Amino acid sequence: MEYGLIGSKLGHSYSKIIHEMLCGYRYDLCPLPTEEEARAFLIRRQFKAINVTIPYKRLVMEYCTYIDPRAKAIGAVNTVVNKNGLLYGYNTDHLGFAHLCDAHGVDFAGRTVLILGTGGTHNTTSAVARDKGAARVLTVSRTPDAAKGQLSYEEAVASGAQIVINTTPAGMYPNVGVCSLDVAKMPGLEAVLDVVYNPDKTELILRAEEAGVPVAVGGLEMLVAQAVYAAESFLSRKFDDAAGEIGRITAALRRDMLNVALIGMPSSGKSTVGRALAEKLGKKFIDLDEEIVKADGRSIPDIFAAEGEDGFRAKESAQTVRFAKEGRQLLSCGGGIIKRGGNLRALHQNGVLLFLDRPLDALTVGGGRPLSSSTEALKKMEAERRPLYLAAADAVIPNSGTVEDAVAAAMEALDEIFSH
Ligand SMILES: Nc1ncnc2c1ncn2[C@@H]1O[C@H](COP(=O)(O)OP(=O)(O)O)[C@@H](O)[C@H]1O
Ligand SMILES: O=C(O)C1=C[C@@H](OP(=O)(O)O)[C@@H](O)[C@H](O)C1
Ligand SMILES: [Mg+2]
């Protein structure tokens, strides 16, 4: 191995994609489940340079001849460069986190900062907060140690903090929707940062957005930034525009990993355009109406007949929650998905929404759609729903020409959405 990553479990790591997009060298994921294997790997040192992740960021320090002072102070090394058989250790996680804060204009000066969690990333983020002038850095734990001044999640709410940093795995895929901090009760918040990047927006970030916190961002940019700074150490050279590289790769990664959901009136072409768009994007096509039918065993008209619209909506929500937390999918939604706010929240956590806008007179009456019973019904429905589609969508895609035209318009809109 020349370049790569070691850690105990690496199944979901994006590092290979990021490094190979960035530099073109080959980057291998090398899972080392046991400490003995990690030690043997470090003794053999048959690599040019590596990144290190959980649980070996401290262990590798024993094998380094030189450790960068910041890495030493934090007590963790995530980047190791082999120079003529001697290992040099650095910490680019703190550079990555500092980049995330700077890129979003987070001002730490004189602020009270809450760090959720006591694990490895706690020290990294608290070092950055202190460097940037935080007045107080408080630690929040589910099992607070009062002797160390740690706070419970209840106490944290009343701490008067302006900045919250989550370093715990709470809310991380597949256990999405989890969050112990009631940010809605913290009116002075200026920024909420989460080091978790899958899903794109954790429950904490969604809640912060809903509470109107001005800066609410997940950890993807931090992950990319630490990789870019690690690559600089790997190759002993600086990028001309590191921030530009970070922005470029973060955007490309989000385009690749996130879902695209199509919303719009019944028979506006969500399933038809969705299938073609999925192919173009290289995403897995999922038709939520089909999934409802598959899971239930009855047709949509039969579900409506037996359980009414409410019964159908409950099934629709269950399938939405199920698929929306996954990634790399094109989700073709049923027309009524916007009737429940929870559906939109689920879709936004890991994807973008496009409103497919087909002229009212081109919509189909009937066609196995119980609510599209007449032209009048469609007209009334459109008047009610149009504002909801517009409010939920990241972009509006006209579908008034051919299916290919709509696909091209959607590709253009996605280029724009993922350009920054
Ligand atoms: N741009 C278009 N040109 C011609 N027919 C279209 C176009 N978009 C959709 N359709 C047709 O409209 C009908 C409804 O489309 P569908 O994809 O099932 O809509 P939805 O999933 O939104 O309910 C289908 O017969 C489809 O072929
Ligand atoms: O608009 C609606 O309320 C509905 C739209 C349908 O999906 P399409 O939009 O794919 O037709 C289907 O979910 C159900 O008949 C209800
Ligand atoms: Mg459909």
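This structure is a prediction, so every number in the text was calculated from the model and none was measured. (Residues numbered from 1 in each chain as written. Chains lettered and ligands numbered in written order. Predicted model: local features only at pLDDT ≥ 70, side-chain atom pairs only at ≥ 80, totals over all residues. Heavy atoms only, no water.)

S.K.: I'm lost on the pattern of salt bridges in this one. Help?
M.R.: Should their charged atoms come close, side chains of opposite charge can pair. Under the definition given, this model contains 32 salt bridges. Of the charged contacts, one joins Lys48 and Glu2 as a salt bridge, the two residues approaching to 3.3 Å between their closest N and O atoms. Pair noted here: Lys48 is in the loop between α2 (35–44) and β3 (49–52) and Glu2 is in the segment before β1 (3–7), with a separation of 46 residues, a long-range link. A relative accessible area of 42% places Lys48 in the partly exposed class. According to the relative accessible area criterion, Glu2 is partly exposed, its value standing at 43%. The closest approach of N and O atoms between Asp107 and Arg111, which form a salt bridge, is 3.7 Å. (Salt bridge = Lys/Arg side-chain N within 4 Å of Asp/Glu carboxyl O. Helix = DSSP H or I, 4+ residues; strand = E, 2+ residues; numbered from the N terminus. Buried < 20%, exposed > 50% of the residue type's maximum accessible area, 1.4 Å probe, protein only.)

S.K.: Could you clarify how one ought to interpret the site of ligand 2 in this entry?
M.R.: Close contacts around ligand 2 come from 14 residues, with Lys270, Asp289, Arg313, Arg369 and Arg385 the closest. Protein coverage of the free-state accessible area of ligand 2, which is 390 Å², stands at 96%. (Near = heavy atom within 4 Å. Areas by Shrake-Rupley, 256 points an atom, 1.4 Å probe, with all protein chains shown as cover.)

S.K.: For this particular structure, what's the right way to read the domain arrangement of the chain?
M.R.: Size of an interface: often given as the accessible area lost when the parts come together. As assigned here, the chain comprises domain 1 (3–91 + 223–244), domain 2 (95–218) and domain 3 (258–417). Each of domain 2 and domain 3 has a C-alpha centre, and these two points are 34 Å apart. Interface of domain 2 and domain 3: buried area, both sides summed, is about 810 Å²; carbon and sulfur atoms make up 44% of it. In terms of surface lost to domain 3, no three residues of domain 2 exceed Tyr173, Asp200 and Leu206, which account for 45% of the buried area on that side. Where domain 2 packs against domain 3, one counts 2 salt bridges. With its nearest N and O atoms 3.0 Å apart, the salt bridge here joins Glu203 to Arg345. Residues that form the side of domain 2 that touches domain 3 fall into these classes: 5 nonpolar, 1 polar and 5 charged. (Domains from an automatic or database assignment. Buried area = accessible area lost by both parts, 1.4 Å probe. Nonpolar A, V, L, I, M, F, W, Y, C, P; charged D, E, K, R; others polar.)

S.K.: I keep staring at the packing of aromatic side chains and nothing clicks. Help me out?
M.R.: Two measures describe an aromatic ring pair: the distance that separates the ring centres and the angle between the ring planes. The full count for this structure, using the stated rule, is 9 aromatic pairs. Aromatic side chains Tyr14 and Tyr197 sit 5.2 Å apart centroid to centroid with 50 degrees between the ring planes, which places their arrangement in the tilted category. With a gap of 183 residues between them, Tyr14 in the loop between β1 and α1 (15–23) and Tyr197 in the loop between β10 (191–194) and α7 (203–210) connect regions that are remote in the sequence. Take Tyr14: its relative accessible area is 9%, and that puts it in the buried class. For Tyr197, a relative accessible area of 24% translates into the label partly exposed. When the ring centre of Tyr88 is taken as origin, the NZ or CZ atom of Lys83, which lies over that ring, is 4.5 Å away. (Phe/Tyr/Trp six-rings, centres within 6.5 Å; stacked < 30°, edge-to-face > 60°. Lys NZ or Arg CZ within 6 Å of the ring centre and 35° of its normal.)

S.K.: What is the right way to look at the UniProt feature "binding site: substrate" (unreviewed entry) in the chain in this model?
M.R.: The positions that UniProt labels "binding site: substrate" (unreviewed entry) are, in the present scheme, Asp289, Arg313, Gly335 and Arg385. If you trace the backbone, Arg313 turns up in helix α12 (residues 300–324). A residue is classified by how much of its surface remains accessible, and Arg313, at 5% relative accessible area, is buried. Among all residues touching Arg313, those that are not within four sequence positions of it are Gly336, Lys339, Arg340, Leu371 and Arg385. Here Gly335 shows up in the loop between β14 (329–332) and α13 (341–349). (UniProt positions renumbered as here; feature names shortened; annotations may be inferred. Contact = heavy atoms within 4.5 Å.)

S.K.: Even after reading the chapter, I still don't get α13, so can you show me in this structure?
M.R.: What sets the pattern is the α-helix's 3.6 residues per turn: residues three or four places apart point alike. Taken together, the buried positions of α13 are Asn343, Leu344, Ala346, Leu347 and Gln349. On its buried face, α13 is in contact with α7, β12 (259–263), α12, β14, β15 (351–357) and α14 (375–392).

S.K.: Could you clarify how one ought to interpret the environment of Glu190 in this entry?
M.R.: With respect to the helices, strands and loops of the structure, Glu190 is situated in the loop between β9 (163–166) and β10. In this structure the C-alpha to C-alpha distance between Glu190 and Glu203, which are 13 residues apart in sequence, comes to 17 Å.

S.K.: Explain the packing of helix α10 (residues 270–281) against helix α15 (residues 403–417) to me, please; I cannot follow it from the model alone.
M.R.: Between α10 and α15, whose axes approach to 9 Å, the crossing angle comes to 55 degrees. As summarised for this structure, α10 and α15 are arranged oblique, according to the angle between their axes. The crossing of α10 and α15 is right-handed. Residues Thr272, Val273, Ala276, Leu277, Lys280 and Leu281 of α10 lie in contact with α15, whose contacting residues are Val403, Ala406, Val407, Ala410, Met411 and Leu414. Here the residues of the contact of α10 with α15 are counted per class, giving 10 nonpolar, 1 polar and 1 charged. (Axes fitted to C-alpha atoms, helices over the stretch in contact; angles between N-to-C directions. Parallel < 35°, antiparallel > 145°, perpendicular 65-115°, else oblique. Left-handed = near helix turned anticlockwise from the far one by under 90°.)

S.K.: Looking at this model, I keep getting lost on the packing of helix α8 (residues 220–235) against helix α9 (residues 242–257). Mind explaining?
M.R.: In helix packing, the relevant descriptors are the interaxial angle and the interaxial distance, both defined with respect to the helix axes. Contact pair α8 / α9: the axes reach a minimum separation of 9 Å and the direction vectors enclose 130 degrees. Comparing the axis directions of α8 and α9 gives the class oblique. As for the relative orientation of α8 and α9, their crossing is right-handed in sense. When α8 is examined against α9, the residues Leu220, Glu221, Val224, Ala225, Val228, Tyr229 and Glu232 are found in contact with a partner set consisting of Ala242, Ile246, Ile249, Thr250, Leu253 and Arg254.

S.K.: Would you take a moment to explain α15 for this structure?
M.R.: With 15 residues, α15 extends 21 Å from end C-alpha to end C-alpha; this agrees with the ideal 21 Å at 1.5 Å per step. Turning to α15, its buried residues number three or more, namely Ala406, Val407, Ala410, Met411, Ala413, Leu414 and Ile417. Mapping the buried residues of α15 onto a view down its axis gives an arc of 165 degrees, with all of them on the same face. What points out from α15, more than 90 degrees from its buried face, is the exposed set Glu404 and Glu412. At its buried positions, α15 is contacted by α9, β12, α10, β15 and β16 (395–398). (Expected span 1.5 Å × (residues − 1). Arc of directions from axis to C-beta.)

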